[in-house]
Amino acid sequence: MVKVLKPGLYSSVQDLGRMGYQEFGVPYSGAMDQYAVKIANMLLGNHESAAVIEMTMTGPLLQFECETLICISGANMNPKLNKENIPNNKAVAVKHGDVLSFGKLQSGFRSYLGVLGGFKTEKVLDSRSMYVPITRASILKKNDVLFSENTTFNHLSKHSHIKVDESYLASEILEVFKGPEFDKLTKTEQKALLETKFKISKDNNRMAYQLEEPFENKLEPIITSAVMPGTVQLTPSGKLIVLMRDCQTTGGYPRVLQLSDSALNVLAQKFTGQSVRFKNLL
Amino acid sequence: MKFKLTYKPYGQHGVLVEWPASIDEETLHDVLCFKSKLNSDASQNIIEVRSAYHSLLIIYCQFKNGFDDEVSRLKSIYTSKEKSKKLKSTLWHIPVCYDAQFGVDLESISKAKKLSEAEIVNLHSQTIYTVYFIGFLPGFLYLGGLDERLATPRKATPRLQIEKGSVSIGGNQTGVYPSASPGGWNIIGNSPINFFDIKNESPCFATAGDHIKFYPIDLKEHQNIKTLVDAGVFPIEREVIDG
């Protein structure tokens, strides 16, 4: 069991998302940076979709009431086990009573804590990803208790080691494909969209990231149609909205671009005021 | 087939099929026929098929032989005549309490439309609506067929909290909020029915192509039905109709 002593800024349980219920209007949800989750789970020998804790900017304070292995990946939040620094991307053994804390954000924005076997929290519609009203809570709260397996593990530091490419944490480039309505933009607009540097506005969360600079356009709204994480919508007033994991399943704004799977992970590690630009893959 | 469809890539794993831009039953029927052919298609590669007014989104694990090959395969499935079996659809009878306690916008609509509240209830509950698709919120049915006389613009400022079950009108659409949510539609009543329930194998009872008819109930009946719904023992009255 893992007890939440302090929840941090915005911490939630996530796996790789809720597939197959979109025709009922259910968002995918799931970890914002799925690359980091897969790394953490791989280093623990878990299934890649085992549930982890997603931590945003400021990490939680957690106490372990079991023996297990943990692994942290994604943003570097200066993790400490009983006040001793521990590295990201490495399986670390913890004992009953150990306290995991986080310090100052060093790189990226979202960090992931995996545990041997994954967190065994409430599973709804085949996923443990928190999303209200599908699950009861959307974030961890003080005194929450998360179940996990108790496995005595004599972990040696020489164990599993891989070199993780963390360059995406600092990357400003979002690889994109044309969205369904890209061709409705004029040639000049298409060029501008792919050449402009955009700033991340303060309206950024698990549902969507809005970009700061207005992008003038004369596109008509579309008949409501499917959208998905990574879809870049353009509103009549010129707002560019990049949909993220908790986005709705349908929308009525033109879909001008679509982020690649890895670009979604890059954007998930960005915060207010940082810059990004799109790079067309086709 | 009389529709000219377009096929576009949508992201790394998706094909978006679009019908000519129009919201009508004929288009919907054709979209759903294609969807049903795809659902019975043996291709293990397809993980999801989602329909909307005039489009289908097909998500794959990965394209076996590339996008172009998959599009030719889809085209031949679309034009194939094989057993274009009649689509079954269900008509669901949904109780709604139009009492002023719930229908907080009835009065303003009544004034704006010069219709009595009874006339509004009558017009709203005599129509058979078509479920075009589900979106916006888990279990939010996009219903077509609202009587033009009831079309009311969305509120300039959305409400921060609309109660679960609120029956509402937004523009020329009507719908029921399946859970509490912010929203800009005009509220005319409340239904005690759960439109989304994770306890059920299929979390929504209705599906695209089904039909909905509302019937008025009073406050007492609303309370009684709600008790039965909460206990999981309220059977929604339904009729199966052939498409």
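As the structure is a computational prediction, the values presented were derived from the model and not from experiment. (Residues numbered from 1 in each chain as written. Chains lettered and ligands numbered in written order. Predicted model: local features only at pLDDT ≥ 70, side-chain atom pairs only at ≥ 80, totals over all residues. Heavy atoms only, no water.)

Some thoughts on the interface of chain A and chain B
Residue-level contacts link 30 residues of chain A with 34 residues of chain B. For the pairing of chain A and chain B, the buried interface totals around 2,700 Å² over both sides, and the portion due to carbon and sulfur atoms is 61%. For the pair chain A and chain B, the number of links is two salt bridges. Remark: the boundary between chain A and chain B carries twelve residue pairs in polar contact (both at pLDDT 80 or more). Contributions of two or more residues to the side of chain A that touches chain B are made by strand 12 (173-178), strand 15 (225-226) and strand 19 (255-259) of chain A. (Contact = heavy atoms within 4.5 Å. Buried area = accessible area lost by both parts, 1.4 Å probe. Salt bridge = Lys/Arg side-chain N within 4 Å of Asp/Glu carboxyl O. Polar contact = N/O pair within 3.5 Å; in protein donor to acceptor, adjacent residues only side chain to side chain. Helix = DSSP H or I, 4+ residues; strand = E, 2+ residues; numbered from the N terminus.)

A closer look at the pattern of salt bridges
In total, this model carries 21 salt bridges over all chains according to the counting rule given. A salt bridge links B:Lys199 to B:Asp197; its shortest N-O distance comes to 3.7 Å. Overall, B:Lys199 belongs to the exposed group, its relative accessible area being 71%. Taken together, the salt bridges that share partners define one network made up of A:Glu54, A:Arg110, A:Arg206 and A:Asp246. (Buried < 20%, exposed > 50% of the residue type's maximum accessible area, 1.4 Å probe, protein only.)

Topic: the sheet that holds strand 12 of chain A
Residue and element names in this part refer to chain A. Read once around its circumference, the closed barrel built from seven strands follows the order 12-19-16-17-14-13-20, with strand pairing classed as mixed. Across this sheet, the average inter-strand angle for adjacent strands is 40°, counted without regard to direction. Pairing geometry for strand 16 (residues 231-234) and strand 17 (residues 240-243), over three bridges, is antiparallel. For Val232, the partnering residue across the bridge sits in strand 17 and is Val242. Relative to the sheet, helix 3 (residues 261-268) contacts strand 12, strand 13 (198-204), strand 14 (208-211), strand 17, strand 19 and strand 20 (275-280), its axis offset from that of strand 12 by approximately 140°. (Pairing = 2+ DSSP bridges. Axes fitted to C-alpha atoms, helices over the stretch in contact; angles between N-to-C directions.)

Considerations on the packing of aromatic side chains
All names here are of chain B. On inspection of all chains with the given rule, the structure shows 18 aromatic pairs over all chains. Residues Trp19 and Tyr78 carry aromatic rings whose centres are separated by 6.2 Å and whose planes lie at 85° to one another, so their mutual orientation is edge-to-face. Here Trp19, found in the loop between strand 2 (14-18) and helix 1 (25-39), pairs with Tyr78, found in helix 2 (residues 67-79); they are 59 residues apart in sequence, far enough to count as distant. Residues Trp19 and Tyr78 agree in their burial class; the two are buried. Ring plane angle 80° and centroid distance 5.5 Å describe the contact between Phe140 and Trp185, whose orientation is recorded as edge-to-face. Taken together, the residues span a long stretch of sequence, with Phe140 in the loop between strand 6 (129-134) and strand 7 (141-144) and Trp185 in the loop between strand 11 (181-183) and strand 12 (186-190) at a distance of 45 residues. (Phe/Tyr/Trp six-rings, centres within 6.5 Å; stacked < 30°, edge-to-face > 60°.)

Overview of the domain arrangement of chain A
Residues and elements named next belong to chain A. Examined at the domain level, chain A breaks down into domain 1 (2-167) and domain 2 (171-280). For domain 1 and domain 2, the distance between their C-alpha centroids amounts to 28 Å. With 24 residues of domain 1 at the contact, the number on the domain 2 side is 18 residues. With both chains or domains summed, domain 1 and domain 2 bury close to 1,600 Å², and 53% of this area falls on carbon and sulfur atoms. The largest contributions to the domain 1 side of the interface with domain 2 come from Met32, Phe109 and Arg110, which together make up 36% of the buried area. The interface formed by domain 1 and domain 2 contains one salt bridge. In this structure, the salt-bridge partner of Arg206 is Glu54, at a minimum N-O distance of 2.9 Å. Counting every contact that joins domain 1 to domain 2 gives 13 residue pairs in polar contact (both at pLDDT 80 or more). Put simply, the parts of the chain that give the side of domain 1 that touches domain 2 at least two residues each are helix 1 (34-44), strand 5 (68-76) and strand 10 (107-115). Top element by residues in the side of domain 1 that touches domain 2 is strand 10. It accounts for four residues. (Domains from an automatic or database assignment.)

Notes on the environment of A:Gln14
Residue and element names in this part refer to chain A. With respect to the helices and strands, the residue Gln14 is situated in strand 2 (residues 12-14). Relative accessible area serves as the criterion here: at 0%, Gln14 is assigned to the buried category. Along the backbone, Gln14 and Ser73 are 59 residues apart, and their C-alpha atoms lie at a distance of 14 Å. A distance of 3.0 Å separates the side chain of Gln14 from the side chain of Ser12, its partner in a polar contact. A polar side-chain atom of Gln14 sits 3.1 Å from the main-chain amide nitrogen of Gly30.

Regarding the nonpolar core
Soluble, globular proteins show a tendency: their nonpolar side chains are buried together. Counting 41 residues, the largest nonpolar core has B:Ile94, B:Leu141, B:Ile212 and B:Phe214 as its most contacted members. At the level of elements, strand 5 (88-97), helix 3 (106-113), helix 4 (117-126), strand 6, strand 7, strand 9 (166-170), strand 13 (211-217) and helix 5 (219-230) of chain B are the ones that each hand at least two residues to this core. For B:Ile212, the residues in contact, after removing those within four places along its chain, are B:Leu91, B:Trp92, B:Ile94, B:Thr127, B:Ile128, B:Tyr129, B:Val131, B:Leu141, B:Leu143 and B:Phe205. Core analysis: the second largest hydrophobic core is formed by 36 residues, A:Ala31, A:Tyr168, A:Leu185 and A:Met244 among them. (Core = buried A, V, L, I, M, F, W, Y, C linked by side-chain atoms within 4.5 Å.)

Concerning helix 1 of chain B
Residues and elements named next belong to chain B. For helix 1, with 15 residues, the first-to-last C-alpha span of 21 Å sits near the 21 Å given by 1.5 Å per residue. Within helix 1, burial applies to Thr27, Leu28, Asp30, Val31, Leu32, Cys33, Phe34, Lys35, Lys37 and Leu38. Residues of helix 1 that are buried in the fold lie against strand 1 (6-10), strand 2, strand 3 (46-51), strand 4 (55-60), helix 2 and strand 6. The opening residue of helix 1 is Asp24, an N-cap whose side-chain oxygen sits 3.0 Å from the backbone nitrogen of Glu26. (Expected span 1.5 Å × (residues − 1).)

Structural notes on the pairing of strand 13 of chain B
Residue and element names in this part refer to chain B. Bridge analysis of strand 5 against strand 13 gives seven bridges, and the strand direction is parallel. The partner of Pro95 across the bridge, within strand 13, is Tyr215. In the sheet, strand 6 pairs with strand 13 via two bridges, with the strands oriented antiparallel. When the bridges of strand 13 are listed, Thr130 appears paired with His211.

Concerning the domain arrangement of chain B
Residues and elements named next belong to chain B. Along its sequence, chain B is carved into domain 1 (6-79) and domain 2 (88-242). Buried surface at the junction of domain 1 and domain 2, both sides included, amounts to about 700 Å², of which 64% is carbon and sulfur. A per-residue breakdown of the area domain 1 buries against domain 2 is headed by Glu25, Leu28 and Tyr53, which together make up 64% of the total. Across the contact surface, domain 1 and domain 2 share zero salt bridges. Taken together, domain 1 and domain 2 are joined by two residue pairs in polar contact (both at pLDDT 80 or more). Top contributing element to the side of domain 1 that touches domain 2 by residue count: helix 1, with three residues.

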